[in-house]
Amino acid sequence: MLWSKLFIPTLRDNPAEAEVASHRLLLRAGYIRQLSAGIYNYLFLAQRSMLKITKIVREEMDAIGAQEFYLPALNPAEVWKESGRWDVMGDNMFRLKDRFGRDLCLGMTHEEVMTSIARGELRSYKQLPQLWYQIQVKFRDEPRPKSGLLRVRQFTMKDSYSFDMDAAGLDASYEKHRQAYCRIFDRCGLKYTAVEADSGAMGGSQSHEFMVESEAGEDYVVYCAATGYAANLEKAVSRPVAPAVADPEGDLTPEEFSTPNFKTIDEVSAFTKLPATSQMKSVVMVGDGKPVLALVRGDHQLSEAKLAGVLGAAEVRAALPHEIQEWFGAAPGSLGPIGVKIRLLTDNALEGRKNMICGANKDDFHLRNVTPGKDFKAVYHDLRQVAAGETNIETGDPLQILKTVEIGHIFKLGYKYSKSMGLSVLDESGKEVTVIMGSYGIGLERILCAAVELYHDGNGMSLPASIAPFTVVVTPVNMKDEALKSAAETLYAECNKAGMDAVLDDRDERPGVKFKDAELVGIPWRITVGKKLAQGIVEVVERRTGKLTEVPVGEAVEFVRKGLLG
RNA sequence: CGGGGCGUAGCGAAGCCUGGUAUCGCGCCUGGUUCGGGACCAGGAGGUCGCAGGUUCGAAUCCUGCCGCCCCGACCA
């Protein structure tokens, strides 16, 4: 293609509203333009990259035997009401009414519609397993769209769904997806980690997220370099650091003491001259409307995701001040486990501890010498969020906490949708069996964003060749010089003939402008046709490294071709 | 939804406090000179100053309301 004919509106200045690198560069390099908050126009370059990403995804899905569908984005309310998610999705779902007043919504995901197809058509175990997928637009009314294309209200997803007879079948479908996802992200040139993810309260048995490390991310991953252990912070486990001071010995009895205006863990620490690890922190939560007191060590933080998992609750929130007053007869800052009537859960890190400090459920008083299991009934669970400085629970190796972007998620759904929507088939013996399902998603724009986040520098982005809008740009430094012009045209034609995705920068611009634009847009290779052409030499420049090689004209295309092969 | 910031030409900004005909850089158009890292000279086009009210002889500037965008938090199947 000829650059002079293309619409590539690059900007000299950084757009004021863009803070994260991918947002800033996609705007500046002329890939995208914003239409509204969380709604973007994909211009020529973005669409070209998206098509390449789509192609890779499609090839790898097809390779595991998945069949491509295309489902409507416009969904009737009925299927969503059947699964219960018409209500669960709340304000995140875009809803509308048709001219007759019937409820419709824009699809956020397609478990319901896929399941409705399956239950209408699948009758026999002989038809299973099935792997169905689509590449389609999704709509989510995000409370706060942000970071360019990273969190938006409309985006493209590859979503697939597996239907199997039993857990072993689901395991196989899941594993196929895990491998396909690795191939997809490898081919897109991303550095990523597959991490254990929270499968939520609704019965899913296993789930992995594919994460790319990035400052622009919103998820935290706990990673152990020594063992390869990796898990979402919501799910991760660790060995806590030992208490800073040993517990007092002996079989002591709880004893009240006055702590006027000392409410926080730190204040009580300062007052008692004992570290936070000697205290028990009481966190009052409400899970699906029911109160619960979660007890964790003073220096630890409650994980709401883990608590929700233990409770089997869909929604967990902090208790309100008046609720706490009613249930405890005291205000936050003086709460404790002794004598409480509501459900009580205790974190594993408190097991075996004794003679600790906690609130007395009486304003401005605390208790010392409180022993879990003796002074109150302790039901132990893992409720604690992993913190920096902790170590691998198995091996004691150091753990890191990384900020990441989620680009894919695979999920063993189990029977949630097949049960609620009545999807079953007959087995060999003629018995009706509920089908077991999995669902698997990739956010396609996030692949592009993650690539920009990973590969950019002060001059712009530096995309992997597999997803860059062009793989090579041929740049004559002066279009008025007939020799340079015709040599460049020849090189460009040869690139095309060699199957490369080439663009000829035939604009009547000074070389600096062309170099800057090519680097901003992130084209992996550039062939510069300049003065040395007289000696039969052109320059080949690799965007990622900036490495410049002088090559005889006749060998330039082959040089780039080899470079593209890596 | 809570907190903060911002809306002036395609992009980036100044002007606003202290009211008096709309300013700068880049980009764009025309002509010329240039041509290896965002050229130079000359001429030019482009703005209901987010919207609506109000105050005033006069509002980008002061007041009120609304809308939009960004960031932090809450939320995130």
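Preceding this section is the structure that the text describes.
Report on the accompanying structure. Keep in mind the model is a prediction, meaning the values are calculated, not measured.

About the thresholds
- Throughout, a residue's number is its position along its own chain's written sequence, starting from 1.
- Here the convention is simple: chains get letters from A, ligands get numbers from 1, in the order in which they are written.
- Per-residue local features of the predicted model are confined to residues with pLDDT of at least 70, and side-chain atom pairs are confined, for both listing and counting, to 80 or more; whole-chain, interface and lining totals are unaffected and use all residues.
- The basis for every side-chain value is the complete set of non-hydrogen atoms in the structure, without hydrogens or water.
- Pairing between strands is defined by DSSP: at least two bridges between the two strands are required.
- For helices the rule is a DSSP run of H or I covering at least 4 residues; for strands it is a run of E covering at least 2, with both sets numbered from the N terminus onward.
- Stacked, tilted and edge-to-face are the three classes assigned to paired rings of Phe, Tyr and Trp, where Trp is represented by its six-membered ring and a pair needs centres within 6.5 Å; plane angles under 30 degrees give stacked, over 60 edge-to-face, the rest tilted.
- Note on exposure labels: buried denotes an accessible area under 20% of the residue type's maximum, exposed denotes more than 50%, and partly exposed covers the range between, all computed with a 1.4 Å probe on protein chains only.
- Only when the NZ atom of a Lys or the CZ atom of an Arg is both within 6 Å of the ring centre and within 35 degrees of the ring normal do we say a charge sits over the ring.
- When at least one non-hydrogen atom of a residue lies within 4 Å of a molecule or strand, that residue is treated as near it.
- Counting of polar contacts relies on pairs of N or O atoms within 3.5 Å, with two restrictions inside protein: one atom must be capable of donating a hydrogen and the other of accepting it, and residues adjacent in sequence are counted only when both atoms are side-chain atoms.
- Residues are grouped as follows: Ala, Val, Leu, Ile, Met, Phe, Trp, Tyr, Cys and Pro are nonpolar; Asp, Glu, Lys and Arg are charged; every other residue, Gly included, is polar.
- Orientation is described by lines fitted to C-alpha atoms, with helices fitted over the stretch in contact, and by angles between N-to-C directions that extend from 0 to 180 degrees.
- Pairs of residues are marked as contacts when any of their non-hydrogen atoms sit within 4.5 Å.
- Here, nonpolar core refers to any group of buried Ala, Val, Leu, Ile, Met, Phe, Trp, Tyr and Cys residues whose side-chain atoms link them within 4.5 Å.
- Start and end positions for the domains come from either an automated domain assignment or a database one.
- Angles below 35 degrees are treated as roughly parallel, those above 145 as roughly antiparallel, those between 65 and 115 as roughly perpendicular, and all remaining angles as oblique.
- Rotating anticlockwise by less than a right angle from the far helix to the near helix defines a left-handed crossing, while the corresponding clockwise rotation defines a right-handed one.
- This arc describes the spread of directions from the helix axis toward the C-beta atoms.

**Let's talk about the pairing of strand β32 (residues 537-542)**
Of the pairings in the sheet, the one linking strand β31 (residues 525-529) to β32 comprises four bridges and is antiparallel in character. In the sheet register, R526 faces β32, and the bridge partner there is V541. With five bridges connecting them, β32 and strand β33 (residues 548-552) associate as antiparallel partners. Within the sheet, the bridge partner assigned to V538 lies in β33 and is V551. Counted between consecutive antiparallel strands, the loop separating β32 from β33 contains five residues, among which G546 sits at a positive phi close to 75°.

**Comments concerning unusual backbone geometry**
Note that the residue after L128, namely P129, is joined by a cis bond; omega there is 0°. Mapped onto the secondary structure, P129 falls in the loop between α5 (111-121) and β7 (130-139). Even without being glycine, D364 reaches a positive phi, approximately 65°. Relative to the elements of secondary structure, D364 occurs in the loop between β19 (356-359) and β20 (365-370).

**Some remarks on the packing of aromatic side chains**
According to the stated counting rule, one finds 11 aromatic pairs in the structure shown. An angle of 45° between the planes, with centres 6.2 Å apart, marks the rings of F44 and F470 as tilted. With F44 in helix α2 (residues 44-63) and F470 in the loop between β28 (460-461) and β29 (472-476), this residue pair connects regions lying 426 residues apart in the sequence. On the basis of relative accessible area, F44 is assigned to the partly exposed category, the value being 26%. Here a set of aromatic residues connected by ring pairs shows up, and it is made of Y181, F185, Y192 and F210. Sitting over the ring of F365, K362 keeps its end group 4.4 Å from the ring centre.

**Description of the protein's contact with RNA strand B**
Around RNA strand B, the surrounding shell holds 37 residues, and the nearest of these are R12, R85, R140, E519 and E539. Looking at RNA strand B alone, sugar and phosphate atoms form 43% of those within 4 Å of the protein. S36 places a side-chain nitrogen or oxygen 2.9 Å from a phosphate oxygen of RNA strand B. E539 has a polar side-chain atom sitting 2.3 Å from a base nitrogen of RNA strand B. For the surface near RNA strand B, the leading source of residues is helix α13 (residues 511-521), giving eight residues. Considering only residue class, the surface near RNA strand B consists of 11 nonpolar, eight polar and 18 charged.

**Description of the sheet that holds β20**
Spatial strand order, β13-β20-β19: three strands in an open sheet with antiparallel pairing. A single partner strand is all that each edge strand has here, and the edge strands are β13 (255-258) and β19. Taken pair by pair, the neighbouring strands of this sheet meet at an average axis angle of 30°, ignoring direction. Of the pairings in the sheet, the one linking β19 to β20 comprises three bridges and is antiparallel in character.

**Things to note about the environment of Y70**
As for its position among the elements, Y70 is in the loop between β3 (67-68) and β4 (74-76). Residue Y70 is classed as exposed on the basis of its relative accessible area of 61%. Each C-alpha atom, one on Y70 and one on D363, is 61 Å from the other, the two residues being 293 residues apart in sequence. The residues contacting Y70, other than those within four sequence positions of it, are Q134, I135 and Q136.

**Structural notes on the side chain of S278**
Positionally, S278 belongs in the loop between α7 (265-272) and β14 (280-287). Residue contacts for S278: discarding those within four places in its chain leaves V245, R353, M356 and I357.

**Side note on the sheet that holds β32**
Taken in spatial order, the five strands line up as β30-β29-β31-β32-β33 in an open sheet, and their pairing is mixed. The strands lining the two open edges of the sheet, one partner per strand, are β30 (502-504) and β33. Strand after strand, the sheet turns through a mean of 25° between neighbouring axes, direction not considered. Contacts from α13 reach β29 and β31 within the one sheet, and its direction differs from that of β29 by about 175°.

**Details of the nonpolar core**
Ranked by internal contacts, the top residues of the largest apolar core, which has 64 residues, are L26, Y31, Y181, I184, F185, L190 and I447. Viewed by domain, this core spans two of them, domain 1 (18-236 + 401-452) and domain 3 (470-565), each represented by three or more residues. The residues contacting I184, other than those within four sequence positions of it, are I56, V57, E60, M61, I442 and I447. Core analysis: the next-biggest nonpolar cluster, separate from the first, contains 25 residues, M89, F411, Y417 and L423 among them.

**Remarks on the packing of α2 against helix α11 (residues 444-454)**
Between α2 and α11, the shortest axis-to-axis distance is 10 Å and the interhelical angle comes to 115°. Regarding the angle of α2 to α11, the classification is roughly perpendicular. The hand of the α2/α11 crossing is right-handed. Contact residues: S49, M50, I53, T54 and V57 in α2; L444, E445, I447 and L448 in α11. Considering only residue class, the contact of α2 with α11 consists of six nonpolar, two polar and one charged.

**What to know about the packing of α2 against helix α6 (residues 167-187)**
It is the contact of α2 with α6, at a shortest axis distance of 9 Å, that shows an interaxial angle of 150°. Judged by the angle between their axes, α2 and α6 are roughly antiparallel. Considering only the axes of α2 and α6, their crossing is right-handed. Counted together, I56, V57, E59, E60 and M61 of α2 and H177, A180, Y181, R183, I184 and R187 of α6 form the full contact between these two elements. In terms of residue class, the contact of α2 with α6 is made up of six nonpolar, one polar and four charged.

**Observations regarding helix α9 (residues 321-328)**
If you check which residues of α9 are buried, you get E323, I324 and F328. Angular distribution of buried residues about the axis of α9 spans 105°; they occupy a single face of the element. For α9, the exposed residues set more than 90 degrees away from the buried face come down to H322 and E326. Where α9 is buried, its residues contact β14, β15 (290-297) and β17 (316-318). Where α9 terminates, the next one or two residues include G329, which has phi positive at roughly 70°.

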